[in-house]
Amino acid sequence: MDGDRVEIDGGIMEGGGQILRVSTALSCLLGLPLRVRRIRAGRSQPGLRPQHLSGLEIVRDLCDGKLNGGEIGSTEITFTPGKIKGGTHIADTKTAGSVCLLMQVAMPCVLFAASPSELHLKGGTNAEMAPQIDYTVMVFKPIVEKFNFTFNCDIKRRGYYPQGGGEVVVQMSPVKELSPINLTERGTVTKIYGRAFVAGALPIKLAKDMSAAAVRCIRREIRDLYINIQPVREPDNQAVGTGSGIIIVAETSTGCLLAGSSLGKRGKNSDKVGIEAAEMLLQNLKHGGTVDDSMQDQLIIFMALAKGVSRVKSGPITLHTQTAIHFAEQLTKAKFTVTKSEEEDPSNDTYIIECQGMGMTNPNL
């Protein structure tokens, strides 16, 4: 069998967990045995962390696969996929590792399962270096559903750094194939809304301060739009630990959603948290693309699997996106091209990511 394993170098380009997520999901979908070496070689603490291991384990369980080298700190794994089945699956990082990253690796797989799936994902819901669950529900979900599938994401409990303890339940039905997407018209910003939250020992005043600072910052650039950022205190029975943060979403006339977000941490002034999120949003609005920097790379695997040509207009291509494209092309027959967009406004730094998808079909349907 070893002669047929696809060899993946986990240390090139972005050199992080994303290489593992993209290649394992595609290995599972395409039935390709995989070896990944130099896992997360680009990180200060190389090898598998609890969150990456949980992601590998849920994919293994989804398809009755075989995983070797699945230990914390391991820098090499081999994975032999089986047949993808639906049903109920649990993944628990037992840390504040991100449930959203677990969702990223499992979701493409269960789309091509034999029956509906219910994923119980446990860990951090609002973690550093990963999309917040609010982003997943408010931005990722409506955009990714344009590929012609739907999913339900129920936030049972929020969990914060350092202990995690959050739980999200994702329900999905399989599809025959994915439709391509065309996201090339930005339109104009029609509304800006969001939520600033505190949980645990923190007072609601911090959420109000984050919200007010964010609104002030956006107002300097965008004067005539109503901005509605709700300050919220998470109910104690629906949150584990103490945490705070903010997400702000801009919606456009063509249905594009772009966001900025930030997390609070000890010693970080709440105004600064609000301003960080606002500046990130304004930055994403400035480039003229139809998706923000966090969404860009998350679309690549779906574009690669879809049947037909997908086109997305984005800002400058992130290293995460370049990495996702590299491994999607290596493992599938999808072809990507990235071209500088011909803009009326030369100050816009925009690109068209185009993909001729492989047209994956679900053998079970």
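Residues numbered from 1 in each chain as written. Predicted model: local features only at pLDDT ≥ 70, side-chain atom pairs only at ≥ 80, totals over all residues. Heavy atoms only, no water.

## Points about the UniProt feature "domain: RNA 3'-terminal phosphate cyclase insert" (unreviewed entry) in the protein
Taken from the UniProt record, the annotation "domain: RNA 3'-terminal phosphate cyclase insert" (unreviewed entry) applies to residues 184-286. Each end of residues 184-286 is marked by a C-alpha atom, and these two atoms are 15 Å apart; helix forms 32% of the span and strand 36%. (UniProt positions renumbered as here; feature names shortened; annotations may be inferred. Helix = DSSP H or I, 4+ residues; strand = E, 2+ residues; numbered from the N terminus.)

## Some thoughts on the environment of alanine 201
Its location among the elements puts alanine 201 in the loop between strand E10 (189-199) and helix H5 (204-219). For the pair formed by alanine 201 and threonine 242, sequence separation is 41 residues and the distance between their alpha carbons is 5.8 Å.

## Points about the sheet that holds strand E13 (residues 243-252)
Read from one edge of the open sheet, 4 strands run E11-E10-E13-E14, paired in mixed fashion. Edge positions in the sheet fall to strand E11 (227-233) and strand E14 (257-263), since each of these pairs with one other strand and no more. The sheet shows a mean angle of 15° between the axes of neighbouring strands, direction not considered. For E10 and E11, the ladder comprises 7 bridges, and the chain directions are parallel. (Pairing = 2+ DSSP bridges. Axes fitted to C-alpha atoms, helices over the stretch in contact; angles between N-to-C directions.)

## Examining the sheet that holds strand E8 (residues 166-172)
The strand order across the open sheet formed by 5 strands is E5-E6-E8-E7-E12, and the pairing between neighbours is mixed. Each end of this open sheet is capped by a strand with a single partner; those strands are strand E5 (87-92) and strand E12 (239-240). With respect to the sheet, helix H3 (residues 99-111) is in contact with E5, strand E6 (117-123), strand E7 (151-159) and E8, its orientation differing from that of E6 by roughly 165°. In the packing of helix H4 (residues 133-144) onto the sheet, the strands contacted are E7 and E8, and the crossing angle to E7 comes to about 170°. (Contact = heavy atoms within 4.5 Å.)

## What to know about the side chain of arginine 5
Looking at where arginine 5 falls in the secondary structure, it is placed in the segment before strand E1 (6-9). In this view, arginine 5 contacts Pro33, Leu34, Arg35, Thr78, Phe79 and Thr80; residues no more than four positions away in its chain are not counted.

## Re the domain arrangement of the protein
By a widely used convention, the size of an interface equals the accessible area lost when the partners come together. Each assigned domain of the protein is listed with its residue range as follows: domain 1 (6-183 + 291-358) and domain 2 (189-287). Of note, the centres of domain 1 and domain 2, computed from C-alpha atoms alone, are 25 Å apart. Across the contact, 29 residues belong to domain 1 and 27 residues belong to domain 2. Of the roughly 2,100 Å² buried at the junction of domain 1 and domain 2 (both faces included), carbon and sulfur atoms supply 59%. Counting the surface domain 1 buries against domain 2, the share from its top three residues, Gln132, Met138 and Tyr160, is 29%. In this assembly, domain 1 and domain 2 are joined by 3 salt bridges. Glutamate 234 serves as the salt-bridge partner of arginine 158, at 3.2 Å between the closest nitrogen and oxygen. (Domains from an automatic or database assignment. Buried area = accessible area lost by both parts, 1.4 Å probe. Salt bridge = Lys/Arg side-chain N within 4 Å of Asp/Glu carboxyl O.)

## Some thoughts on the pattern of salt bridges
The tally for this structure, following the rule as stated, stands at 25 salt bridges. The residue arginine 38 makes a salt bridge to aspartate 9 at a minimum N-O spacing of 3.1 Å. Remark: aspartate 9 occurs in strand E1 and arginine 38 occurs in the loop between strand E2 (34-37) and helix H2 (50-62); sequence separation between them is 29 residues. In this structure aspartate 9 comes out as partly exposed when scored by relative accessible area, which is 28%. (Buried < 20%, exposed > 50% of the residue type's maximum accessible area, 1.4 Å probe, protein only.)

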